Amino acid sequence: MNVTVAESGAILEYLCDELGPTHLLPSKSTHLETHLLYKQWLYWQVSAQGPMLGQSMYTCTSRASRSRRASAMTSPRNASTRKDSVRQRCLQMIDDQLRAAGGPFMFGGEVSVVDVACFAYAASAFWAGVDVSGMKGLGKWLEMLHERPAFKVGLGIRFEMPAFFGPPW
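Quick caveat, the model's predicted, so the values are computed rather than measured. (Residues numbered from 1 in each chain as written. Predicted model: local features only at pLDDT ≥ 70, side-chain atom pairs only at ≥ 80, totals over all residues. Heavy atoms only, no water.)

**Comments concerning the packing of aromatic side chains**
The cut-off we apply is this: The pairing test for Phe, Tyr and Trp rings, Trp by its six-membered ring, is centres within 6.5 Å, and the orientation test on the planes gives stacked under 30 degrees, edge-to-face over 60, and tilted for anything in between. Think of it this way: any DSSP run of H or I at least four residues long counts as a helix, any run of E at least two long counts as a strand, and we number them from the N terminus. Exposure categories follow from relative accessible area, calculated using a 1.4 Å probe and restricted to protein chains: below 20% of the type maximum is buried, above 50% is exposed, and the middle band is partly exposed.
Counted by the stated rule, this structure contains five aromatic pairs. Aromatic side chains Trp-41 and Phe-107 sit 6.4 Å apart centroid to centroid with 80° between the ring planes, which places their arrangement in the edge-to-face category. One end of the pair, Trp-41, is in helix α2 (residues 32–62); the other, Phe-107, is in the loop between α4 (81–101) and α5 (113–123), with 66 residues separating them in the sequence. Since its relative accessible area comes to 10%, Trp-41 is described here as buried. The class for Phe-107 is buried, based on a relative accessible area of 18%. Between the aromatic rings of Phe-119 and Phe-151, the centroid separation amounts to 5.0 Å while the plane-to-plane angle is 85°, which identifies the pairing as edge-to-face. Taken together, the positions of Phe-119 in helix α5 and Phe-151 in helix α7 (residues 149–155) put the pair 32 residues apart, joining distant regions of the chain.

**Here's the deal with the side chain of Gln-45**
Stated formally: Residue contacts are defined here by distance: any two heavy atoms, one from each residue, within 4.5 Å place the two residues in contact.
Positionally, Gln-45 belongs in helix α2. Sequence-distant contacts of Gln-45, defined by excluding residues within four places in its chain, comprise Ser-8, Gly-50, Pro-51, Ala-117, Cys-118 and Tyr-121.

**Notes on the state of the cysteines**
Filter applied, for reference: We call a pair of cysteine sulfur atoms a disulfide whenever their separation is within 2.5 Å.
The full count for this structure, using the stated rule, is zero disulfides. The thiol of Cys-90 is unpaired, and the distance to the nearest cysteine sulfur, on Cys-118, comes to 9.2 Å.

**Remarks on α5**
Most of α5 is tucked away: eight of the eleven residues are buried. Along α5, the positions that sit buried rather than exposed are Val-113, Val-114, Asp-115, Ala-117, Cys-118, Phe-119, Ala-122 and Ala-123.

**Focus on the pattern of salt bridges**
Put simply, the rule reads: Salt bridges, as used here, are contacts in which a Lys or Arg side-chain nitrogen is within 4 Å of a carboxyl oxygen on Asp or Glu.
For the coordinates displayed, the defined rule picks out four salt bridges. Of the charged contacts, one joins Lys-39 and Glu-13 as a salt bridge, the two residues approaching to 2.9 Å between their closest N and O atoms. Placement of the pair is Lys-39 in helix α2 and Glu-13 in helix α1 (residues 8–19), with a sequence separation of 26 residues. For Glu-13, a relative accessible area of 17% puts it in the buried group. Residues joined by salt bridges that share partners form a network here, namely Asp-95, Asp-96 and Arg-99.

**A few points about a nonpolar patch on the surface**
Under the convention used in this document: Here the term patch refers to residues with relative accessible area over 30% and no salt bridge, with like charges joined within 9 Å and nonpolar side chains (Val, Leu, Ile, Met, Phe, Trp, Tyr) within 5 Å. Per-residue accessibility takes into account occlusion by the displayed protein chains alone, with areas from the Shrake-Rupley method and a 1.4 Å probe.
A cluster of nonpolar side chains, Met-1, Val-3, Val-5, Ile-11 and Leu-15, forms an exposed patch at the surface whose accessible area comes to about 480 Å². By the secondary structure assignment, Val-5 is in the segment before α1.

**Here's the deal with the packing of α5 against helix α6 (residues 136–147)**
Basically, it comes down to this: Lines fitted to C-alpha atoms define the axes, with helix axes restricted to the stretch in contact, and inter-axis angles between N-to-C directions lie between 0 and 180 degrees. For this classification, under 35 degrees means roughly parallel, over 145 means roughly antiparallel, 65 to 115 means roughly perpendicular, and everything else is oblique. Polarity classes work like this: nonpolar for Ala, Val, Leu, Ile, Met, Phe, Trp, Tyr, Cys and Pro, charged for Asp, Glu, Lys and Arg, and polar for all others, with Gly in that last group.
Look at α5 against α6: their axes get within 11 Å of each other, and the N-to-C directions meet at 105°. When the axis of α5 is compared with that of α6, the two are roughly perpendicular. Residues Asp-115, Cys-118, Phe-119, Ala-122 and Ala-123 of α5 lie in contact with α6, whose contacting residues are Leu-138, Trp-141, Leu-142, Leu-145 and His-146. Partitioned by chemical class, the residues of the contact of α5 with α6 number eight nonpolar, one polar and one charged.

Okay, structure coming up:
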């Protein structure tokens, strides 16, 4: 069957449904609480982390000229104080979750759909003007995911703005 699916969260859910229950998204019939926790985080990513960091990346890169890019990253004119604190908080929540789960992934020992969903925007923190140097768990997580073979394949696919999805993270 040929289907078209749009929006990142819907695409990830569709892929998980097609794969069947795995560590990416546990079965709701046998692991309901875990299944719902993963979905809660997936919906958080598409409603909070993605939009907040995406808006910040736009503000910090697309609207700033190349000569002003460095100063635009830290300029208070580019985002309200609220947006600054929310985008920082989004990444801090991931760092906190990694610590709570004991890592190396967001829910412990195996990569999940949530790790996949949160990775791209977390890896782009620099381009959103967010300093994550104090978030040690997040830094280790990003380094580890960048080295996973499947992530390397995905990161190797050409697209218009490759600088958004790479070091420095």
